[in-house]
Structures are given as structure tokens and as C-alpha cells.
Amino acid sequence: PGLKVSWEAEFDLYSFGLKILLIRNLDFFNQRLPDILVKAFFGTDALGLYSVASRLLLAISQTVTAVMAPVAFASTSRIQNDPDRVSRGFYSGSELIGAVTAPAFIGISLVAPTLLPYLFGEHWRAIVPVAQWLTVTAMVQSTTLDLCANVLMGVGKPSQTIISNVLFSTLQVLAFVATALFGGGLVHVAAATAFSALLAVPAVVGIVAGNVPVSLGEYLRRLGRPIIAAVLMAPVVLPAVGYLGDVSPKFVGVAVPILLGAVVYIGVLSLLNPDLVRQIMGIGLGLARRWKARTS
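Anyway, here's the lowdown on the structure attached to this text.

Here is what the cut-offs are and how they apply
Residues numbered from 1 in each chain as written. Predicted model: local features only at pLDDT ≥ 70, side-chain atom pairs only at ≥ 80, totals over all residues. Heavy atoms only, no water. Helix = DSSP H or I, 4+ residues; strand = E, 2+ residues; numbered from the N terminus. Rg over C-alpha atoms; globule rule 2.2 N^0.38 Å. Buried < 20%, exposed > 50% of the residue type's maximum accessible area, 1.4 Å probe, protein only. Contact = heavy atoms within 4.5 Å. Areas by Shrake-Rupley, 256 points an atom, 1.4 Å probe, with all protein chains shown as cover. Lys, Arg positive; Asp, Glu negative; His and termini not counted. Charge placed at Lys NZ, Arg CZ, Asp CG, Glu CD. Phe/Tyr/Trp six-rings, centres within 6.5 Å; stacked < 30°, edge-to-face > 60°. Salt bridge = Lys/Arg side-chain N within 4 Å of Asp/Glu carboxyl O. Expected span 1.5 Å × (residues − 1). Bend = angle between axes of the 7 residues up to and from the residue. Polar contact = N/O pair within 3.5 Å; in protein donor to acceptor, adjacent residues only side chain to side chain.

**Section: the overall build of the chain**
- When its secondary structure is counted, the chain shows ten helices and zero strands.
- Overall, the chain shows an N-to-C arrangement of helices and strands of α-α-α-α-α-α-α-α-α-α.
- Over its C-alpha atoms the chain spans a radius of gyration of 21 Å, differing by no more than 12% from the 19 Å that the globule rule assigns to 296 residues.
- Overall, the C-alpha framework of the chain stretches about 70 × 50 × 40 Å when taken along its three principal axes.
- Of all 296 residues assigned to the chain, the portion counted as buried reaches 43%.
- Look at the contacts in the chain between residues 6 or more apart in sequence, and 81% of them connect residues 24 or more apart.
- For the chain, the exposed surface amounts to about 15500 Å²; the carbon and sulfur share of it is 69%.
- Charged side chains of the chain number 20 positive and 14 negative; the gap between the two group centres comes to 7 Å.

**A closer look at the packing of aromatic side chains**
- A full pass over the atoms with the stated rule returns six aromatic pairs.
- Centroid distance W133 to F195: 5.7 Å. Interplanar angle 45 degrees. Geometry classified as tilted. Taken together, the residues span a long stretch of sequence, with W133 in helix α4 (residues 128-154) and F195 in helix α6 (residues 186-209) at a distance of 62 residues.
- Looking at W133, the relative accessible area reads 31%, which means it is partly exposed.
- Taken together, F41, F42 and F176 form an aromatic cluster joined through their ring pairs.

**Notes on the pattern of salt bridges**
- Under the definition given, this model contains seven salt bridges.
- E95 serves as the salt-bridge partner of R225, at 2.9 Å between the closest nitrogen and oxygen. Here R225, found in helix α7 (residues 216-231), pairs with E95, found in helix α3 (residues 83-120); they are 130 residues apart in sequence, far enough to count as distant.
- A salt bridge links E122 to R125; the shortest N-O distance between them is 2.9 Å.
- Using a relative accessible area of 44% as the deciding quantity, one classes E122 as partly exposed.
- A network of salt bridges, in which partner residues are shared, links E95, E218, R221, R222 and R225.

**Concerning α3**
- For α3, which comprises 38 residues, the first-to-last C-alpha distance of 47 Å sits more than 12% below the rise-based estimate of 56 Å (1.5 Å per residue).
- Along α3, the largest kink reaches about 85 degrees and is centred on A112; proline P113 follows within four residues of it.
- Burial of α3 is extensive: 27 of the 38 residues sit out of reach of the surface.
- At the C-terminal side of α3, G121 shows a positive phi close to 110 degrees.

**Some details on the side chain of T143**
- Position of T143 among the secondary structure elements: in helix α4.
- In terms of polar contacts, T143 uses its side chain to reach the backbone carbonyl oxygen of M139, at 2.7 Å.
- Once residues lying within four places of it in the same chain are set aside, the contact partners of T143 are I97, G98, T101, Y219 and L223.

**What about the side chain of N273?**
- Mapping N273 onto the fold places it in the loop between α9 (250-272) and α10 (274-295).
- In this structure N273 comes out as buried when scored by relative accessible area, which is 8%.
- Among the polar contacts made by the side chain of N273, one reaches the side chain of E95 at a distance of 3.2 Å.
- Those residues within four positions of N273 in sequence are excluded, and the remaining contacts are E95 and R225.

This is the structure we're talking about:
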């Protein structure tokens, strides 16, 4: 290193880093805000139910974010001066994230009546409807808010990410407080926040569209195919959950519907978007080779 310091570069880096710090704090605030509101409006017992319901979903969402977010941010940063490539990367990223999160969250919603009591105990069965609504919010968080945030940061617009995060948080708070004040219970609040998350999707994608040549219609079309494939698991999974719900051992009643849903999902997605399935298989094989090389 030399002795010269570019104060202009220093200011740019400091300004960008400060905004990233604010974004990380907002992310933490968004994760903890529901707990604060549940405790304030419904008390400690309801907070326990809500925390258990959200624990599994938060773990899946954070896993997806930990894998996808650095890739989205780094790849967008490298091509930020080529808007067309950024646009294609945004659409491809939405498909890949949707292909992972849609079957995970929709699948959890379908098997929740047997999965959650199996994981946490029969006395937690009351959390099932809460968790089913929370899957909607968690999927929006992973497929829209996190992806859009990293694309915006990748093109050097962290301030736009702050706006999208604040918008999402505001809608969540308004939905929660309005429902609670009108006498709604924990399930009603979870449903209201799920709808508010869906309402945030056009606005958040619109913020991205103001900086990258993307459209809401194409985004929903790309994301829609994994969601349709995941929803079509229901005619197979729900009867299996109902039929096997009381079998012993309990593991069978959980595992069989999940396996059936996976088969249906892969089959339907192969018909709707075979290129995406081949792409996912290629990524999976690549990861397997890397893991084998590291362990050998």
C-alpha cells in the first residue's frame, strides 16, 4: 500500500458501508418485530406459540438467504454496468429461489398438522394454523424481499433497499396492529401479515424496476411455475396426511407425505420448466463433486 489516500473513495466506501449496516439492522428488526408485537398484544403464552411456529420457517429462510444472497450480491456487482445481464440474472435468481422455497414452505403448510406435533410435541398442535399462514410471509421474504435487496445493493443502490425494507416493515406493523385492535386472535394476525406481505411484492419489485429493466409480470411468470408445481402437491399430500396422521410410528405419517409431495413437485416442474430442473440438477451435481473433492 502507498501513503496516498483517496478521500473521495473513502467517502464512497464509508457511505455504502453505513447503508449496508443500516440494512442489516433493519433485517434484524424485521425478524424480531413480530415477537415484540405478539408479546405486547397477546402476552407471553401467545409469544411462546408464535416463536415455535416461526422457528422452523425462519431457519429455512435464513438458510436460503445465506446461500443465495452472497451469490446474488456478488454476481450483480460484477455485471452492474450491463443492465440486460442484471435483468436476466434477476429473473434466473427468482426462478432458482422459487424452485427451492416454494416446495419447502408450501410443503410445510400442507404437512403441518403432522410435522409440527412430531417435531415439537402434541401439546403444540395449536400452532399449526399460525405456522401455515406464516409460510406465506416467509416465502415472500425469501423470494422477493431478500432477492430484491441484494440486487439493489449489487447495482450500488443500497438506499433503495432501505426503502423496500421500511415499506415491508410498515405494512407488516399496520396489518398486525389493525387486526389485533379489531379483536383478531393470533391466527387472524398471522393471516393479516401474510396478506400484507403479498401486497408488498408489487411495490418492492417496482423499486427494483426503477433501477433495473425488469417487469412485475415477467417476475411473477418466472416465479409462478415453481409455485404452481408446489401447489399441485396438495391433491396428493393432503389425503396422505389425513390417512397417515394417526399411524405409528409417527415418522411414517410425516415422511410418506413429504416423499409423495417431492415426487409430484419434481414431475410437475419438469413439465412446466424442464430447463430449470436441469439447471438445478447441474448445480446439485456440481456441489456434490465439490463436497466429494474436499472430503477425499
